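# Secondary and tertiary structure notes
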Amino acid sequence: MTVTFYGVGAVLGSLTSGQLTDKFGERKISKATLIFLTLVLICLGIFFSSGDWVYFFLFIWALVGYAGFTSYQARLAVEYPKERGIVVAWNNTALYIGITIGSMIGGYVISIWGYSLLPYVCSIATIASFVLSTQKVKNQKKNQLFQ
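Please read all numbers here as calculations on a predicted model, not as lab measurements.

## A look at the packing of helix H1 (residues 2-24) against helix H3 (residues 53-79)
Orientation of H1 relative to H3, taken along the N-to-C sense of each, is 35 degrees, at an axis distance of 7 Å. Every pair of crossing elements has a handedness; the one defined by H1 and H3 is right-handed. Together, Thr 2, Phe 5, Tyr 6, Val 8, Gly 9, Ala 10, Leu 12, Gly 13, Ser 14, Ser 17 and Thr 21 of H1 and Tyr 55, Leu 58, Phe 59, Trp 61, Ala 62, Leu 63, Tyr 66, Ala 67, Thr 70, Ser 71 and Ala 74 of H3 make up the contact between the two elements. Per-class residue counts for the contact of H1 with H3 are 14 nonpolar, 8 polar and no charged.

Below you can see the structure in the form of structure tokens.
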């Protein structure tokens, strides 16, 4: 049942993210999803052992997470139009590296403190992502990056 709620949220997030990004813009949606994702993870931690609320927050987590990734891909394509292919490829590489590192950290957190603290640790990662996403890349550095 848990996987079903998460899966439905993921599908809906993927399907609606393009429309939201087109309507409100890549930067706004990618930043808003990170803020909302932080709040959802904190709520997931609070309601971790509260029965049916966990299903709701898992659904929202997937909905927001999948919408955020799509808007971020669109944001990269807009911000780096001449290097779009390589930037999106590097972003996908970073995604898989992040999944690997996140799994390692998550395994450590679970083995030391159990599952209930994991959403809080994940919310710290989303805050860090938000801070990084607000940083501007200078044109000079951006051009040197892809030469």
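## As for the side chain of Ser 123
Locating Ser 123 in the fold gives a position in helix H5 (residues 118-133). Using a relative accessible area of 5% as the deciding quantity, one classes Ser 123 as buried. Excluding residues within four positions of it along the chain, Ser 123 makes contact with Thr 38, Leu 41 and Ile 42.

## A short note on the pattern of salt bridges
Where charged atoms from two side chains of opposite charge approach closely, those side chains can pair. Summed over the entire model, instances satisfying the criterion amount to 2 salt bridges. Glu 79 serves as the salt-bridge partner of Arg 27, at 2.6 Å between the closest nitrogen and oxygen. Of the two residues, Arg 27 is situated in helix H2 (residues 26-46) and Glu 79 in helix H3; the sequence distance between them amounts to 52 residues. Under the relative-accessibility criterion, Arg 27 is labelled partly exposed at 26%. One salt bridge in this structure joins Arg 75 and Glu 79, with 3.0 Å as the shortest N-O distance. Taken together, the positions of Arg 75 and Glu 79, both in helix H3 and 4 residues apart, correspond to about one turn of that helix. Bridged by salt links that share partners, the residues Arg 27, Arg 75 and Glu 79 form one connected network.

How each quantity is defined
- Residues numbered from 1 in each chain as written.
- Predicted model: local features only at pLDDT ≥ 70, side-chain atom pairs only at ≥ 80, totals over all residues.
- Heavy atoms only, no water.
- Axes fitted to C-alpha atoms, helices over the stretch in contact; angles between N-to-C directions.
- Helix = DSSP H or I, 4+ residues; strand = E, 2+ residues; numbered from the N terminus.
- Left-handed = near helix turned anticlockwise from the far one by under 90°.
- Contact = heavy atoms within 4.5 Å.
- Nonpolar A, V, L, I, M, F, W, Y, C, P; charged D, E, K, R; others polar.
- Buried < 20%, exposed > 50% of the residue type's maximum accessible area, 1.4 Å probe, protein only.
- Salt bridge = Lys/Arg side-chain N within 4 Å of Asp/Glu carboxyl O.

Keep in mind these values describe shape, not function.
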